[in-house]
Amino acid sequence: MTGEPSGMFEAIYAGAEAGLAQPPWDHGAPRPQLVEWAEGRALTGGGREALVVGCGYGSDAEYLAQLGYRTTGFDFAPTAIAAARRKHPASTVDYLVADVLDLPPEWQGRFDLVVESLTVQSMPPQQHQAAARRISALVAPQGTLLVLATTRDEGTEVTGPPWPLTRSEVEEFARDGLDLRRVERIENGTWWRAELSRGD
Ligand SMILES: C[S@@+](CC[C@H](N)C(=O)[O-])C[C@H]1O[C@@H](n2cnc3c(N)ncnc32)[C@H](O)[C@@H]1O
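Residues numbered from 1 in each chain as written. Predicted model: local features only at pLDDT ≥ 70, side-chain atom pairs only at ≥ 80, totals over all residues. Heavy atoms only, no water.

Draft legend 1. Main features of the side chain of T119. Along the chain, T119 turns up in the loop between β4 (111-117) and α5 (128-136). Given the relative accessible area of 12%, T119 is considered buried. (Helix = DSSP H or I, 4+ residues; strand = E, 2+ residues; numbered from the N terminus. Buried < 20%, exposed > 50% of the residue type's maximum accessible area, 1.4 Å probe, protein only.)

Draft legend 2. Focus on the packing of aromatic side chains. According to the stated counting rule, one finds six aromatic pairs in the structure shown. Each ring, one from F74 and one from W107, has its centre 5.4 Å from the other, and the planes form 55°; the classification is tilted. Remark: W107 occurs in the loop between β3 (94-97) and β4 and F74 occurs in strand β2 (residues 70-75); sequence separation between them is 33 residues. With respect to class, F74 is no different from W107; both count as buried. Between W107 and F111, the aromatic rings sit 5.8 Å apart at their centres with planes inclined by 90°, giving edge-to-face as the arrangement. As far as the burial class goes, W107 and F111 line up, both buried. What links up through ring pairs into an aromatic cluster is the set F9, Y13, W25, Y57 and F76. The ring of Y57 has K87 lying over it, and the distance from NZ or CZ to the ring centre is 4.3 Å. One Lys or Arg, R185, reaches over the ring of W192 and ends 4.9 Å from the middle of that ring. (Phe/Tyr/Trp six-rings, centres within 6.5 Å; stacked < 30°, edge-to-face > 60°. Lys NZ or Arg CZ within 6 Å of the ring centre and 35° of its normal.)

Draft legend 3. Region of the structure containing the nonpolar core. In this structure, F74, W107, V114, I135, L145 and F173 are the most contacted members of the largest nonpolar core, which totals 26 residues. Listing elements by their share of this core, those giving two or more residues are β1 (49-53), β4, α5, β5 (139-150) and β7 (191-198). Considering every element that reaches this core, the biggest residue donor is β5, with four residues. Filtering out sequence-adjacent residues up to four positions away, V114 remains in contact with L51, V53, I135, L138, V139, T144, L145 and L146. Core analysis: the next-biggest nonpolar cluster, separate from the first, contains 23 residues, L43, L64, Y69 and V93 among them. (Core = buried A, V, L, I, M, F, W, Y, C linked by side-chain atoms within 4.5 Å. Contact = heavy atoms within 4.5 Å.)

Have a look at this one:
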């Protein structure tokens, strides 16, 4: 682990580049919980803008681009972003190195769809509230935020990473005009899938 904020993740991605184990969360395809959600509402981008938080190797970002979104994917691990660009050479996705806690100001209120899958829970619990607020602020008027996370019961402690989210942590995304439309407990109760949208 390095002293950089991305240290543990950067080390995992660098190890994968060196032929060691693949990142355990990556399965080389878009996340099924995202695909099911998108198919359930016949989602199409129509040239609108999407953002994938903590995009790793970019499978979810590529999926949204194929649905017709102008898509940006970011991750704070530079090796993940370099690998995403290399793995998808013909991609239209804009892959960038950025930290959830230090995002470009011009991203505020910009994206019609924001997908957050397992990133906040990979951050220390004391950062969850700030991270949720930063992510919610990226959603455009009429836009949607999809949150995927594994579940933790209120009041229980866990030794992370990861630090799965409680229901009240999921509700932290409902800030500054972003309303919680639906919270599902899927995968036999082990995952949250929450949909939020901005009404203005
Ligand atoms: C558990 S992985 C999930 C990757 C992908 N979203 C998925 O669902 O498979 C967490 C990802 O978030 C990235 N990440 C963690 N903290 C971050 C931060 N503060 N800013 C940006 N990316 C971060 C990690 O580098 C890693 O790629």
